[in-house]
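# Architecture and fold: a report
Chain residues, written in single-letter form:
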Amino acid sequence: MAISPTRPSNLPKLQRVLVVGGGGREHALAWALQRCPEIEAVWISPGNGGTNSPGAGISAIAIAETDSAALIAHCQAEAIDLVVIGPEAPLAAGVADDLRESGLAVFGPSATGAQLEASKAWSKQLMRDANIPTAGHWSVSNEADALKVLNTVDRPLVVKADGLAAGKGVTVADTVEQAAAAIQDAFGGRFGSAGSQLVLEERLDGPEVSVFALCDGERMVVLPPAQDHKRLEDGDRGPNTGGMGAYAPAPLLSEEGLDTVRRTVLEPTLQALKERGIDYRGVIYAGLMLTATGPQVIEFNCRFGDPECQTLMPLLGPELARVLQACAIGRLDLAPALTIKPQCSACVVAAASGYPESPRKGDPITIDLPVSQTRQLFHAGTRREESGVLVSSGGRVLAVIAQADDFDAAFSAAYSDLERVSFEGITYRRDIGHQVRSS
Ligand code: AMP
Ligand code: GLY
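Residues numbered from 1 in each chain as written. Chains lettered and ligands numbered in written order. Predicted model: local features only at pLDDT ≥ 70, side-chain atom pairs only at ≥ 80, totals over all residues. Heavy atoms only, no water.

### Looking at the side chain of Q310
For clarity, the threshold we go by: Working definition: helices are DSSP H or I runs of at least four residues, strands are E runs of at least two. Numbering for both runs from the N terminus. The contact rule is simple, with two residues in contact once any of their heavy atoms fall within 4.5 Å.
With respect to the helices and strands, the residue Q310 is situated in helix α10 (residues 308–312). When residues no more than four places from it in sequence are discounted, the contact partners of Q310 are G24, R25, A28, G305, C347, F378 and I401.

### Examining the environment of I44
This is how the line gets drawn: Burial classes follow relative accessibility: with a 1.4 Å probe on protein chains only, a residue under 20% of its type's maximum area counts as buried, one over 50% as exposed, and anything between as partly exposed.
Relative to the elements of secondary structure, I44 occurs in strand β2 (residues 41–46). Residue I44 is classed as buried on the basis of its relative accessible area of 0%. Each C-alpha atom, one on I44 and one on L29, is 9.5 Å from the other, the two residues being 15 residues apart in sequence. When residues no more than four places from it in sequence are discounted, the contact partners of I44 are L18, V19, G21, E26, H27, A30, T51, I58, S59, A60 and I61.

### Regarding the packing of aromatic side chains
The line we're drawing: Centre distance within 6.5 Å is the pairing criterion for rings of Phe, Tyr and Trp, where only the six-membered ring of Trp is used; planes under 30 degrees apart are then read as stacked, over 60 as edge-to-face, and the remainder as tilted. Only when the NZ atom of a Lys or the CZ atom of an Arg is both within 6 Å of the ring centre and within 35 degrees of the ring normal do we say a charge sits over the ring.
Within the structure shown, the criterion is met by 9 aromatic pairs. With a centroid separation of 5.2 Å and an interplanar angle of 70 degrees, the aromatic rings of Y247 and F407 are classed as edge-to-face. You can see Y247 sitting in strand β15 (residues 245–248) and its partner F407 sitting in helix α12 (residues 407–418), a full 160 residues away along the chain. Neither Y247 nor F407 differs from the other in exposure class; each is buried. The ring of W122 carries the charged tip of R276 above its face, separated from the ring centre by 6.0 Å.

### Re the pattern of salt bridges
For the record, the criterion: Salt bridges, as used here, are contacts in which a Lys or Arg side-chain nitrogen is within 4 Å of a carboxyl oxygen on Asp or Glu.
As enumerated under the stated definition, the model contains 26 salt bridges in all. We note a salt bridge from K13 to D81, for which the minimum N-O separation is 3.0 Å. Separated by 68 residues along the polypeptide, K13 in the segment before β1 (16–21) and D81 in the loop between α2 (68–77) and β4 (82–85) bring together distant segments of the chain. Note that R331 is salt-bridged to D333, the shortest N-O span being 2.8 Å. Residue classification places R331 among the partly exposed residues on the basis of a relative accessible area of 36%.

### Remarks on the site of ligand 2
As a reminder of what qualifies: A single heavy atom is enough: if one lies within 4 Å of a molecule or strand, its residue is considered near that molecule or strand. Polar contacts, as used here, are pairs of N or O atoms within 3.5 Å; protein pairs need one atom able to donate a hydrogen and one able to accept it. Residues neighboring in sequence count only if both atoms are side-chain atoms. For the accessible areas, the method is Shrake-Rupley and the probe is 1.4 Å, while residue cover comes only from the protein chains on display. Asp, Glu, Lys and Arg are counted as charged, while Ala, Val, Leu, Ile, Met, Phe, Trp, Tyr, Cys and Pro are counted as nonpolar; the rest, among them Gly, fall into the polar class.
Close to ligand 2 lie D228, G242, Y285, N301, R303, G305, D306, P307 and E308, which account for all nearby residues. Here an oxygen atom of ligand 2 sits 2.9 Å away from a polar atom, N or O, in the side chain of R303. Within the contact set of ligand 2, a nitrogen atom lies 2.9 Å away from a backbone nitrogen or oxygen of D306. If ligand 2 stood free it would expose 200 Å²; the protein chains cover 90% of that surface. Here the shell around ligand 2 is composed, by residue class, of 2 nonpolar, 3 polar and 4 charged.

### A few points about helix α6 (residues 120–129)
Note that an α-helix has 3.6 residues per turn; residues three or four places apart therefore point the same way. Most of α6 sits out of view: 7 of its 10 residues are buried. Turning to α6, its buried residues number three or more, namely K120, A121, W122, S123, K124, L126 and M127. Directly beyond the C-terminal end of α6, a positive phi value near 60 degrees is found at N131.

Okay, here's the thing in structure tokens:
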């Protein structure tokens with residue numbers, strides 16, 4: 001009998017998987033896992049309006065992403081072999097710890113490890129201790145101290161809420177006055193308890209790129225770099241968002257550059273986590289700025305980026321499930337090599353009007369896309385009503401993704417697919433990938 005290269009006999013059985021979360025990232029993860037030939041069933045909890053597709057091997061189950069007890073009960077009832085936790089909130093709340101304690105194999109760090117994202121002060125201290133290239137910073141816990149630092153430095157520092165603030169906790173000030181106003185806002189309660197401590201940071205300059213390392217506590221597999229587009233409007237204008245589109249591999253970071261990031265950022269970070277007694281099994285997401293003096297860390301996250309994940313998943317081979325499982329059990333050395341398609345992947349997000357401040361919701365969505373091996377549509381803020389009608393239910397509604405031999409063709413396919421999606425107020429950037437497109 002031929003042995004499948006994706007079925008190493010030395011890893012445990014892997015047939016039934018649960019993805020925790022309900023965004024576009026989790027839809028993409030469930031889709032990618034279901035492509036592994038050994039996997040019989042993928043559940044997603046709670047999922048979204050596009051994820052209940054038993055015909056495609058994915059079933060949604062209505063369990064909140066932080067409800068550890070219900071997740072454990074589901075895993076036991078369904079004999080789940082691997083749980084992949086998508087978002088930061090359940091990770092920071094200790095859901096991975098709870099599930100692991102009940103004996104499950106979990107891809108996703110412990111609550112202590114998730115501080116890499118959940119506390120910017122903790123994360124900056126780790127970077128400082130491990131000598132990881134990043135902007136100079138001051139951690140402050142009251143307004144008077146913060147203003148004193150600002151006035152002494154007398155430069156427009158970047159002001160960051162310490163805790164999770166749904167991507168809205170950062171102010172990149174152009175003037176000292178703007179920085180002072182952001183400090184006063186944060187201590188005035190704008191971010192709730194997430195802003196009761198702040199990190200003030202030197203402002204860096206350069207293009208940004210996201211790099212993801214899949215870690216088993218000791219070892220890592222580094223994915224191709226991806227470029228996000230954080231601003232709402234064309235030309236990188238307007239407010240910051242969760243991300244309006246992405247592409248990969250981002251040529252900004254050459255193979256050599258990626259190797260530098262591995263050596264100077266990712267490996268020392270995993271080592272520093274280990275020295276703190278943290279067995280980090282999940283994604284280290286390094287948000288980097290490519291400055292004149294080399295790559296510097298802007299932020300760490302403890303999960304895949306959204307929409308970078310949607311962009312990257314179609315480039316990864318079916319070994320992905322085995323790689324995540326091997327990370328979850330601390331044995332990446334047993335995983336098959338992860339194949340990466342030598343293609344360009346383009347992703348454009350369709351948001352609701354009013355996003356990010358107050359997105360319009362409840363509009364019916366029509367989608368008329370042909371099935372294709374190289375084109376995907378992942379849902380995010382969508383909901384299926386009892387009548388069967390699909391409606392918008394969040395800021396970033398869905399994303400279209402396409403792969404081709406070059407970025408021009410990939411973006412042209414993604415944008416033409418977007419024309420076959422409609423809902424009232426659909427909003428998207430026309431210039432995603434402008435860095436790599438010739439037209
Ligand atoms: P963060 O949530 O930490 O990723 O910050 C959001 C955005 O603010 C980043 O994607 C950058 O565009 C910007 N930013 C954060 N830190 C800095 C910094 N030190 N210098 C310049 N821009 C920054
Ligand atoms: N796309 C940026 C993030 O996921 O944080």
